[in-house]
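# Geometric and topological summary
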There are 2 protein chains.
Amino acid sequence: MPSRYLARVYVSLKSGYSDPEGETTARALRGLGYGVEEVRVSKVYEVVFEAEDRREAGELVEEMCRRLLTNPTKDDYAYELREME
Amino acid sequence: MPSRYLARVYVSLKSGYSDPEGETTARALRGLGYGVEEVRVSKVYEVVFEAEDRREAGELVEEMCRRLLTNPTKDDYAYELREME
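Note that the structure is predicted; figures quoted are calculated from it, not measured.

When chain A is fitted to chain B, the best match, at an RMSD of 0.0 Å, comes from turning it 180° and sliding it 0.0 Å along the axis. The transformation just described matches what one would write down for a two-fold rotation axis. When each C-alpha of chain A is compared by its distance to the rotation axis, A:Lys43 comes out closest, at 2.3 Å. A share of 100% of interface residues in chain A that are also interface residues in chain B marks the association as one of identical surfaces.

Turning to helix 2 (residues 54-69) of chain A, a few remarks are in order. In an α-helix, one full turn covers 3.6 residues, which means residues spaced three or four apart are oriented alike. When we look at burial in helix 2 of chain A, the residues that qualify are A:Ala57, A:Gly58, A:Leu60, A:Val61, A:Met64, A:Cys65 and A:Leu69. The arc that holds every buried residue of helix 2 of chain A, seen down its axis, measures 165°, which confines them to one face.

Contacts between the two partners involve 30 residues from chain A and, on the opposite side, 30 residues from chain B. The tally of links between chain A and chain B comes to four salt bridges. A:Glu37 is the partner of B:Arg4 in a salt bridge, and the nearest nitrogen-oxygen pair spans 2.8 Å. At the junction of chain A with chain B, the criterion picks out 18 residue pairs in polar contact (both at pLDDT 80 or more). For the side of chain A that touches chain B, the elements supplying multiple residues, two or more each, are strand 1 (3-13), helix 1 (20-31), strand 2 (36-51) and helix 2 of chain A. No other element matches strand 2 of chain A, which puts 15 residues into the side of chain A that touches chain B. Residue composition of the side of chain A that touches chain B, by class: 17 nonpolar, three polar and ten charged.

We now examine the sheet that holds strand 3 (residues 75-83) of chain B. Neighbouring strands of a sheet are bound in pairs by backbone hydrogen bonds; such pairs are parallel or else antiparallel. Spatial strand order, 3(A)-1(A)-2(A)-2(B)-1(B)-3(B): six strands in an open sheet with antiparallel pairing. For this open sheet the edge positions go to strand 3 (75-83) of chain A together with strand 3 of chain B, each flanked by a neighbour on one side alone. The mean inter-strand angle of the sheet, taken between neighbouring strand axes irrespective of direction, is 20°. Contacting strand 2 of chain A together with strand 2 (36-51) of chain B, helix 1 of chain A runs over the sheet at an angle of about 130° to strand 2 of chain A.

The geometry of helix 1 of chain A relative to helix 2 (residues 54-69) of chain B is characterised by a closest axis approach of 11 Å and an angle of 110° between their N-to-C directions. When the axis of helix 1 of chain A is compared with that of helix 2 of chain B, the two are roughly perpendicular. In the crossing of helix 1 of chain A with helix 2 of chain B, the sense of the turn from one axis to the other is right-handed. The residues of helix 2 of chain B that touch helix 1 of chain A, namely those facing A:Thr25, A:Ala28 and A:Leu29, are B:Met64, B:Leu68 and B:Leu69. Per-class residue counts for the contact of helix 1 of chain A with helix 2 of chain B are five nonpolar, one polar and no charged.

Reading guide: rules and limits
- Residues numbered from 1 in each chain as written.
- Chains lettered and ligands numbered in written order.
- Predicted model: local features only at pLDDT ≥ 70, side-chain atom pairs only at ≥ 80, totals over all residues.
- Heavy atoms only, no water.
- Least-squares fit on C-alpha atoms with pLDDT ≥ 70 in both.
- Contact = heavy atoms within 4.5 Å.
- Buried < 20%, exposed > 50% of the residue type's maximum accessible area, 1.4 Å probe, protein only.
- Helix = DSSP H or I, 4+ residues; strand = E, 2+ residues; numbered from the N terminus.
- Arc of directions from axis to C-beta.
- Salt bridge = Lys/Arg side-chain N within 4 Å of Asp/Glu carboxyl O.
- Polar contact = N/O pair within 3.5 Å; in protein donor to acceptor, adjacent residues only side chain to side chain.
- Nonpolar A, V, L, I, M, F, W, Y, C, P; charged D, E, K, R; others polar.
- Pairing = 2+ DSSP bridges.
- Axes fitted to C-alpha atoms, helices over the stretch in contact; angles between N-to-C directions.
- Parallel < 35°, antiparallel > 145°, perpendicular 65-115°, else oblique.
- Left-handed = near helix turned anticlockwise from the far one by under 90°.

This is the structure we're talking about:
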């Protein structure tokens, strides 16, 4: 009987990679008069999925990150995983 | 003498608003064979900026959220703020 899990996956650009959305946002904030030095934008995926147990759930999240949610060349990622009620 | 602050602003869609990017991601994960029920996508802005003190820094983050980083009609947001070295 599988259980439902919630993974929160945080995906950010590795340092050294330019972040066009962050740069545009920083420019817009400066245009509004704020003393902004830098903006970096990252993403959070909240994924609700089924797995047999916690070990399998962790393996599935890792796979989903590598295969679809992140680009291993330019992204760093981290996740939290919890079993749902 | 102003100090530098780092705000991490979490922006997510209010519940009830459909999340096209999340839906597309969920479909793609199902297409790869994962038992995914739902995906929601949110954003994190890391903003480095100057302010006179912590109180002003908090006020500036609130303003930046309302004026540019979020759409108060459809987004929820939360932030963490810390003074940088």
